[in-house]
Amino acid sequence: MGYRVVVAGATGNVGREMLNILAERQFPVDEIAALASRKSLGTEVSFGDKTIKTKDLDTFDFTGWDIALFAVGSGPTKEYAPKAAKAGCVVIDNSSLYRYDPDIPLIVPEVNPEAVMGYAKKNIIANPNCSTAQMVVALKPLHDRAKIKRVVVSTYQSVSGAGKDGMDELWDQTKAVYNPTDDKPAKKFTKQIAFNVIPHIDVFMEDGQTKEEWKMVVETKKIIDPSIKVTATCVRVPVFVGHSEAVNVEFEEFLDEDEAREILREAPGCMVIDKRENGGYVTPIECVGDFATFISRIRQDSTIDNGLNMWIVSDNLRKGAALNAVQIAELLGNRVLKKG
Ligand code: 2RA
């Protein structure tokens, strides 16, 4: 006995990965429905070795369906997620719409699985921002050992975080550098992204942070511990898939780099690749398609008493979005919606 599962936003980067990962992890699916906007109606998407035609999100009846993975952005989520939840279908939403609602759990299964029990308040669970998810997977086991006081993070975020349009823009601009006649002005990003980096993701806020940076602060507090101070600089880089983060952590007590490395080696969802030699670290191109959160460059920060530096890399479409959502569905299945 399995579940009747819906993927809303099935033709987008994240929606397609949700279908791939449901199949790869052999999630117990009795029936699958792939939903898209009217303009993508009928588009065929893959689910394992099957091909399924998308149905219209606008007219879909969620009654009798168990779980709906949403990857449609905040606007359509606001319109359709409550409809699904009211019909008794548990929504796992990848947009930022519900992440900061105190009545809706924000979950990274390796970090705060117990929060899944809070789903019933609104029948909705929120998936964190991609840049937050990979970071908290690495931080939680260290926090449990030496209590984190402060985190300073700089991100190097791939263009796939901005969707297919972001990937197309990098591709087109890169070609145009060699074929000026192909030149296309920046549209998705504020400046040229090919051979460039842009210190601006999402909108600017009153205090000079961008909303992407604010998300990392607020979500880390909600997922791990509200006492942790976080400051972030989020940067878009000319990489197709894979977010990287340079993370500096200050603890309440001293944590030796070797002990930290051993803790991370044993931690759920983490893969430590950390040798002080050529190539002894992970780069984003190597994480694509993998489930793991990779940690490299673990070293003491000798400028403060209890500090560590590290490099964290993960596939932003997987652990940063689709994989985390499927893992929440697994958690729901194992702890709440037991079947069969
Ligand atoms: C980005 N984290 O990378 C945002 C949304 N996926 O653009």
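Quick notes on the rules
Residues numbered from 1 in each chain as written. Predicted model: local features only at pLDDT ≥ 70, side-chain atom pairs only at ≥ 80, totals over all residues. Heavy atoms only, no water. UniProt positions renumbered as here; feature names shortened; annotations may be inferred. 1 Å grid on protein atoms, 1.4 Å probe; cavity = no way out; pocket = protein on both sides within 12 Å on 5 of 7 lines; lining within 4 Å. Helix = DSSP H or I, 4+ residues; strand = E, 2+ residues; numbered from the N terminus. Contact = heavy atoms within 4.5 Å. Polar contact = N/O pair within 3.5 Å; in protein donor to acceptor, adjacent residues only side chain to side chain. Buried < 20%, exposed > 50% of the residue type's maximum accessible area, 1.4 Å probe, protein only.

- Under an unreviewed UniProt entry, the name given to the protein chain is Aspartate-semialdehyde dehydrogenase, and the source organism is Seohaeicola zhoushanensis.
- If you open the UniProt record of the protein chain and go to Catalytic activity (unreviewed entry), you find "L-aspartate 4-semialdehyde + phosphate + NADP(+) = 4-phospho-L-aspartate + NADPH + H(+)".
- Under the UniProt heading Sequence similarities (unreviewed entry), the note attached to the protein chain is "Belongs to the aspartate-semialdehyde dehydrogenase family."

A short note on the UniProt feature "binding site: substrate" (unreviewed entry) in the protein chain
Piece 1. Under the UniProt annotation, the feature "binding site: substrate" (unreviewed entry) is placed at Gln157 and Arg236. A compact arrangement is adopted by the annotated residues: their sequence extent is 80 residues, whereas the largest C-alpha distance between any two is 4.8 Å. Checking the annotated residues one by one, the ones that line the largest pocket turn out to be Gln157 and Arg236.
Piece 2. Relative to the assigned elements, Gln157 resides in strand 9 (residues 148-157).
Piece 3. In this view, Gln157 contacts Ser131, Ile201, Glu212, Cys234, Val235, Arg236, Val237 and His243; residues no more than four positions away in its chain are not counted.
Piece 4. Within the local environment of Gln157, its side chain forms a polar contact with the side chain of Thr155, the two groups lying 2.8 Å apart.
Piece 5. Structurally, the position occupied by Arg236 is in strand 10 (residues 229-236).
Piece 6. Within polar-contact distance, the side chain of Arg236 engages the backbone oxygen of Ser158 at 2.8 Å.

Concerning the UniProt feature "active site" (unreviewed entry) in the protein chain
Piece 1. As annotated by UniProt and renumbered to match this structure, "active site" (unreviewed entry) occupies Cys130 and His243. In three dimensions, the annotated residues from a span of 114 residues occupy one location, with a maximal C-alpha spread of 8.2 Å. Those annotated residues from the list above that line the largest pocket are Cys130.
Piece 2. Note on placement: Cys130 falls in helix 3 (residues 130-146).
Piece 3. Overall, the relative accessible area of 12% leaves Cys130 in the buried class.
Piece 4. Setting aside anything within four residues of it in sequence, one finds Cys130 in contact with His243, Asn316 and Gly320.
Piece 5. Its location among the elements puts His243 in strand 11 (residues 243-251).
Piece 6. Each residue touching His243, except ones within four places of it in the same chain, is listed here: Cys130, Ser131, Gln134, Tyr156, Gln157, Ser158, Gly161, Arg236, Ile312, Val313, Ser314 and Asn316.
Piece 7. Within the structure, the side chain of His243 is placed 2.9 Å from the backbone nitrogen of Ser158, a separation counted as a polar contact.

Notes on the environment of Arg25
Piece 1. Counting through the fold element by element, Arg25 comes out in the loop between helix 1 (13-24) and strand 2 (29-36).
Piece 2. Linking Arg25 and Gln327, residues 302 residues apart in sequence, is a C-alpha distance of 9.4 Å.
Piece 3. Among residues more than four places away in sequence, those in contact with Arg25 are Phe291, Leu323, Val326, Gln327 and Glu330.

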